[in-house]
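Structural overview for review
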Amino acid sequence: MISYRQTSSSSFLHLFLLASLFHFSNADVGTASHYGPPYTPTACFGGDASQFPTNNLFAAVSEGLWDNGAACGRQYVVRCISSASPRTCVPGRTVQVRIVDRAQTAVSRPSTGGATIVLSTTAFRSIAAISARSINIEFQQV
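Figured I'd write up the structure that's included with this text. Bear in mind that the values here come from a model prediction, so they are computed numbers and not experimental data.

Considerations on the overall build of the protein chain
- Regarding its fold elements, the protein chain presents four helices and six strands.
- Written out in order from the N terminus, the α and β elements of the protein chain read α-β-α-β-α-β-β-β-α-β.
- Here the analysis covers contacts within the protein chain between residues at least 6 apart in sequence; of these, 78% occur between residues at least 24 apart.
- Accessible surface, the protein chain as shown: approximately 8400 Å² in total, 55% of it carbon and sulfur.

Okay, here's the thing in structure tokens:
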């Protein structure tokens, strides 16, 4: 006869194994494009280029994330999840970027309009092939 204790332990083990098969995340999904120099953060820092991170890992955000300028200085972890072109994403790679501009007012135009996040060339290249104009991403504020 199986005791209650064995059944309870067995059920807990099954529940744990089932839960480990699923990845629970608070990340959002969207699209990313890239832009190149001249990088002039007009919307966030009044054109003061010294405000850019020295590692060149920065981005501009779309109206949906802009939040009336509150997005300035926020940091996001971004991961490429897919693209129209095969083998575009760098598997398992993420990049952390600092928001320095509003995509709509960026001096340098993005490779594709309407992107959720427009990454600097350096940031984009770290997670995807630079030949891609746009990628699908998962992103989360940190």
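Here we look at the side chain of aspartate 101
- Following the sequence through the fold, aspartate 101 ends up in strand β4 (residues 94-102).
- One buried charge, aspartate 101, has no salt-bridge partner; the nearest side chain with opposite charge is arginine 102, at 7.5 Å.
- A polar contact of 3.2 Å, which involves the side chain of aspartate 101, links it to the backbone nitrogen of alanine 43.

Considering the environment of cysteine 89
- One can find cysteine 89 in the loop between β3 (75-82) and β4.
- Distance from cysteine 89 to asparagine 136, taken between C-alpha atoms, is 9.3 Å for residues 47 residues apart in sequence.
- With sequence-adjacent residues up to four places away left out, cysteine 89 is seen in contact with Cys80, Ile81, Ser82, Ile127 and Ala128.

Describing the pattern of salt bridges
- This structure, assessed with the given rule, holds three salt bridges.
- Across the salt bridge formed by glutamate 138 and arginine 79, the nearest N and O atoms sit 3.0 Å from each other. Note that glutamate 138 is positioned in strand β6 (residues 135-141) and arginine 79 in strand β3, a separation of 59 residues in sequence.

Some thoughts on the sheet that holds strand β2 (residues 58-61)
- Around the barrel, six strands lie side by side as β1-β5-β2-β4-β3-β6; this closed barrel has mixed pairing. On average, adjacent strands in this sheet sit at an angle of 45° to one another, irrespective of strand direction.
- Looking at chain direction, β2 and β4 are connected through four bridges and run parallel. Its bridge partner being in β4, phenylalanine 58 is matched across the sheet by arginine 98.

Thoughts on the packing of aromatic side chains
- One pass over the structure, following the stated rule, counts two aromatic pairs.
- Arranged with centres 4.4 Å apart and planes meeting at 45°, the rings of phenylalanine 52 and phenylalanine 58 form a pair that is tilted.
- By relative accessible area, phenylalanine 52 is classed as buried at 13%.
- Consider the rings of tyrosine 76 and phenylalanine 139, whose centres lie 5.9 Å apart with planes at 65°: the pair is edge-to-face. Residue tyrosine 76 is located in strand β3, and its partner phenylalanine 139 is located in strand β6; the two are separated by 63 residues in the primary sequence.
- Owing to a relative accessible area of 4%, tyrosine 76 belongs among the buried residues under this scheme.
- Looking at phenylalanine 139, the relative accessible area reads 4%, which means it is buried.

The rules behind each value
Residues numbered from 1 in each chain as written. Predicted model: local features only at pLDDT ≥ 70, side-chain atom pairs only at ≥ 80, totals over all residues. Heavy atoms only, no water. Helix = DSSP H or I, 4+ residues; strand = E, 2+ residues; numbered from the N terminus. Contact = heavy atoms within 4.5 Å. Areas by Shrake-Rupley, 256 points an atom, 1.4 Å probe, with all protein chains shown as cover. Buried < 20%, exposed > 50% of the residue type's maximum accessible area, 1.4 Å probe, protein only. Lys, Arg positive; Asp, Glu negative; His and termini not counted. Salt bridge = Lys/Arg side-chain N within 4 Å of Asp/Glu carboxyl O. Polar contact = N/O pair within 3.5 Å; in protein donor to acceptor, adjacent residues only side chain to side chain. Pairing = 2+ DSSP bridges. Axes fitted to C-alpha atoms, helices over the stretch in contact; angles between N-to-C directions. Phe/Tyr/Trp six-rings, centres within 6.5 Å; stacked < 30°, edge-to-face > 60°.

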